[in-house]
Amino acid sequence: MSRTLSEKHRIYYLLAGVAIAAGILMGRSELVLLSLPFVIMVVYPVLYPAGAEIQTSTQVSECSAFEGETVSVTLSVEAAAAVPLLEVTHKVWTPGQVRADSTRLLLSLRPGETRQIDCRMPLENRGEHVIDQFQFRTFDSAHMVWTEHEGKPGSSIYAYPKLSKLDLPGNVIRQLGRYTGSYVSQAAGEGTELAEIRKYAYGDTAKHINWRTSLKWGELYVNDRLQEKNADVVLVVDTMRDVGHRPDSYLDLVCRGAASIAKHFLDRKDRVGIIEYGGTVSWLRPALGKRQMYRVLGRLAKLSESGSHAFRELDSIPIQALPAKAMLIVFTPLLDKRSTRVLVSLALRGFRPLVVYLSPIELASDVLGDSPSEQLASRWWKYEQRRKVRELRRSGLTVVSWDRKTESIGRVLTGAAAARRSGGWQQKGVL
Amino acid sequence: MAYVLTAWLSAALLIAIPALILGDSLVVAVGPVALLAMAVGTYRRQFHWFTVAALSLFAEYIWLASDAQNGISGYGALAAGILLMVLLEAGYMACLLPKTGHSRSSRQYTVSDEGKDSKRLYQAMLLRIGGTAAIGLPFPLLLTWVRRADLPEKLFFPILLVTATALAILVYWLLARKED
């Protein structure tokens, strides 16, 4: 607790001083009487010092929520003695803001009185929010001295990216990757669905022998079954640069898209992992289940720009994080040359990454002006981006553009499947 | 709103009464300054503008006191002081209250028994002013008594100066120190 003189005290002190000084200099006692009310008010806190004790507790309705959802925080204040004026400052820290957004509330409490303040607020952006940080100041009855009470630092709640439902038909998913959880793969292996009956070969196990066919043809035949295996879906996010304004910046859109894809595949018992590459490379190993869903959402909620001149190649990623034959969906604005290098290196390592390209020009469209020079720069930038995409396609990669205004991520994936089917070259309206 | 009206009313009285009773040219000069400062203070909800208004009215009273032949009566000066305090208190409350509970974002606050707070603050303000006036009432009499006593005229203001300085230092020392 610390005590400080208020602005009002300083002003009254000044006024009293001016009047007394004028009275003494001019030899007029009336001016001293004029200052008397201010003198009384200045002396008042000396006679009745402030020192009210309060007890506070806070309660937050949720420890995590999705973007756009509303959470509430309830503050309970109990005064042991009378508090003539209690100033409660509610500080809210939202992602991407350097300064807290403060709101002041004034209360006047009687001895033993308990009051509750309930605040409902929507989580507008994904990321870490601190919504239960309060500061308390009590004033004496003349509002001349205030006492600051230490508040708790506040706990973090995470706003996960908003999810959208993906309607992806089975054939679309099959075209995107080799193995998919609920769908039978095209490769032979352990499973329940019959693929074919073939002649026995050395090494086949006895349990696969089809006895009826073997007896009919007089030699051993075995059943071949279609492999059923969970898919490994790895979402790769380029975090070197963020473009646009929150809550619709490049990373915000990517997080929403990636979260929706992760939910779709995790619901189908597939394994989903994340790789973030920027100045540093970090990853979340593919796993399945609800817990993994929240791990993925937590990662995406915290995702931020991490561009740096220091760059680590994806070679350092362990095989558990980037399993062979995994379905790779890469989100990138292709702003950095190193992004292209990463994509090509993934292709060289035997992966078939599906590149979801978000045009930075579209994301920064509100910043680009209408002057001829800016228009020229914009055109040049567009041409440069097109060239990058063309180079990637020439390398054999499937690149689809995500137009945030008209397309959902589901439609983008359907478009990607169609592009894969047609060999990746005839992609209409991609740029 | 009530606080703003109170502040304006007291300022109007502080300007109008000396203008009507004593009649002085400075009132014409000071009045607009005080009213303009108050208008800005009311619009911007900044207390220091009310202080500017109070200081200009102080200047007016200092001028009137120096100009008056028989001086202003003790109770008249005290009443002016109380009225100035009403102006400042009302201005202070007018600046204090509207800044609360409003946020730039879409947050919604619900405070239990919200109506009680402003009522209690208003009552406390009236009590402050009433208490100050009650304490101040005997002082004009005391001053008259002191001046009638055989205290040499030369000593009156030096004693006042020493007392005021000592009191100022004491108050500041007692209040400005921070307690942990």
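Let me begin by describing the structure that accompanies this report. Computed from a predicted model, the values in this text were never measured in an experiment.

Cut-off values and rules
- Residues numbered from 1 in each chain as written.
- Chains lettered and ligands numbered in written order.
- Predicted model: local features only at pLDDT ≥ 70, side-chain atom pairs only at ≥ 80, totals over all residues.
- Heavy atoms only, no water.
- Helix = DSSP H or I, 4+ residues; strand = E, 2+ residues; numbered from the N terminus.
- Buried < 20%, exposed > 50% of the residue type's maximum accessible area, 1.4 Å probe, protein only.
- Contact = heavy atoms within 4.5 Å.
- Areas by Shrake-Rupley, 256 points an atom, 1.4 Å probe, with all protein chains shown as cover.
- 1 Å grid on protein atoms, 1.4 Å probe; cavity = no way out; pocket = protein on both sides within 12 Å on 5 of 7 lines; lining within 4 Å.
- Points joined across faces, edges and corners; volume = space filled by probe spheres on them.
- Nonpolar A, V, L, I, M, F, W, Y, C, P; charged D, E, K, R; others polar.
- Buried area = accessible area lost by both parts, 1.4 Å probe.
- Salt bridge = Lys/Arg side-chain N within 4 Å of Asp/Glu carboxyl O.
- Polar contact = N/O pair within 3.5 Å; in protein donor to acceptor, adjacent residues only side chain to side chain.
- Axes fitted to C-alpha atoms, helices over the stretch in contact; angles between N-to-C directions.
- Parallel < 35°, antiparallel > 145°, perpendicular 65-115°, else oblique.
- Left-handed = near helix turned anticlockwise from the far one by under 90°.
- Pairing = 2+ DSSP bridges.
- Expected span 1.5 Å × (residues − 1).

### Side note on the overall build of chain B
Point 1. Looking only at helices and strands, chain B features seven helices and one strand.
Point 2. The order of helices and strands in chain B, counted from the N terminus, is α-α-α-α-β-α-α-α.
Point 3. Expressed as a percentage of its 180 residues, the buried residues of chain B come to 39%.
Point 4. Across chain B, the fraction of contacts at a sequence separation of at least 24, relative to all contacts at a separation of at least 6, is 74%.
Point 5. Within the structure as shown, chain B displays about 10100 Å² of accessible surface, and the carbon and sulfur contribution to it stands at 69%.

### A few points about the layout of surface pockets
Point 1. Here the largest pocket is characterised by a volume of approximately 740 Å³.
Point 2. When residues of the lining of the largest pocket are traced back to their parent elements, those giving at least two are helix 1 (7–26) and helix 2 (29–47) of chain A together with helix 6 (138–148) and helix 7 (153–176) of chain B.
Point 3. For the lining of the largest pocket, the element with the most residues is helix 7 of chain B, which contributes ten residues.
Point 4. Residues of the lining of the largest pocket, tallied by class, amount to 27 nonpolar, four polar and no charged.
Point 5. Taken as a whole, the second largest pocket holds about 300 Å³ of empty space.
Point 6. Every residue lining the second largest pocket is counted, 17 residues in all, and those nearest its centre are Glu7(A), Arg104(A), Phe47(B), Tyr92(B) and Leu96(B).
Point 7. Listed by contribution, the elements that provide at least two residues to the lining of the second largest pocket are helix 1 and strand 8 (127–139) of chain A together with helix 3 (47–67) and helix 4 (74–96) of chain B.

### Things to note about the interface of chain A and chain B
Point 1. Listed as interface residues are 67 residues of chain A and, on the opposing side, 73 residues of chain B.
Point 2. For the pairing of chain A and chain B, the buried interface totals around 6000 Å² over both sides, and the portion due to carbon and sulfur atoms is 67%.
Point 3. Considering only the side of chain A, the residues that lose the most area to chain B are Arg3(A), Leu33(A) and Leu34(A), jointly responsible for 11% of the buried surface there.
Point 4. At the surface where chain A touches chain B, the tally comes to three salt bridges.
Point 5. With its nearest N and O atoms 2.7 Å apart, the salt bridge here joins Asp117(B) to Arg115(A).
Point 6. Applying the counting rule to chain A against chain B returns twelve residue pairs in polar contact (both at pLDDT 80 or more).

### Considerations on the pattern of salt bridges
All names here are of chain A.
Point 1. For the structure shown, the criterion picks out 21 salt bridges over all chains.
Point 2. Here Asp232 makes a salt bridge to Arg271, at a shortest N to O gap of 2.6 Å. Placement of Asp232 in strand 13 (residues 232–238) and of Arg271 in strand 14 (residues 271–277) is noted, with a sequence separation of 39 residues between them.
Point 3. Across the pair Arg256 and Asp248 runs a salt bridge whose closest N-O atoms are separated by 3.2 Å.

### Notes on the packing of helix 2 of chain A against helix 4 of chain B
Point 1. Contact pair helix 2 of chain A / helix 4 of chain B: the axes reach a minimum separation of 7 Å and the direction vectors enclose 40°. The angle between the axes of helix 2 of chain A and helix 4 of chain B places the two elements in the oblique class. In this structure, helix 2 of chain A crosses over helix 4 of chain B, and the sense of that crossing is right-handed. Note on element contacts: helix 4 of chain B touches helix 2 of chain A through Gly74(B), Ala77(B), Leu78(B), Ala80(B), Gly81(B), Ile82(B), Leu84(B), Met85(B), Leu88(B) and Glu89(B), opposite Glu30(A), Leu33(A), Leu34(A), Leu36(A), Pro37(A), Phe38(A) and Met41(A).
Point 2. For the contact of helix 2 of chain A with helix 4 of chain B, the per-class residue count stands at 13 nonpolar, two polar and two charged.

### Some remarks on the sheet that holds strand 7 (residues 114–122) of chain A
Two modes of strand pairing occur in sheets, parallel and antiparallel, and in both the strands are linked by backbone hydrogen bonds.
Point 1. Read across the sheet, four strands follow the order 2(A)-4(A)-7(A)-1(B) without closing on themselves; strand pairing throughout is antiparallel. With one partner strand each, in any of the chains shown, strand 2 (54–60) of chain A together with strand 1 (108–111) of chain B form the two edges of the open sheet. Pairs of neighbouring strands in the sheet enclose a mean axial angle of 15°, with direction left out of account.
Point 2. Both strand 7 of chain A and strand 1 of chain B contribute to a ladder of four bridges, which runs antiparallel.

### Here's the deal with helix 1 of chain A
All names here are of chain A.
Point 1. Helix length check: helix 1, at 20 residues, gives a terminal C-alpha distance of 29 Å against a target of 28 Å (1.5 Å per residue), a fit within 8%.
Point 2. Looking at helix 1, one finds that the buried residues are Lys8, His9, Ile11, Tyr12, Leu15, Ala16, Ala19, Ile20, Ala22, Gly23 and Ile24.
Point 3. Gly27 occupies a position one or two residues after helix 1 and carries a positive phi of about 70°.

### A word on the packing of helix 1 of chain A against helix 4 of chain B
The description of two packed helices rests on the angle between their axes and on the distance between the axes.
Point 1. Orientation of helix 1 of chain A relative to helix 4 of chain B, taken along the N-to-C sense of each, is 160°, at an axis distance of 12 Å. Compared by their axis directions, helix 1 of chain A and helix 4 of chain B come out roughly antiparallel. Crossing hand, helix 1 of chain A versus helix 4 of chain B: right-handed. Residues Lys8(A), Tyr12(A) and Leu15(A) of helix 1 of chain A pack against Met85(B), Leu88(B), Glu89(B) and Tyr92(B) of helix 4 of chain B.
Point 2. Considering only residue class, the contact of helix 1 of chain A with helix 4 of chain B consists of five nonpolar, no polar and two charged.

### Some words on helix 6 (residues 290–302) of chain A
All names here are of chain A.
Point 1. Compared with the 18 Å implied by 1.5 Å per residue over 13 residues, the 19 Å span of helix 6 between its first and last C-alpha is a close match.
Point 2. Turning to helix 6, its buried residues are Gln292, Met293, Val296, Leu297, Gly298, Leu300 and Ala301.
Point 3. Packing partners of the buried residues in helix 6 comprise strand 3 (64–66), strand 8, strand 10 (156–160), helix 5 (250–267), strand 14 and strand 15 (281–287).

The values are spatial; any link to function lies outside them.
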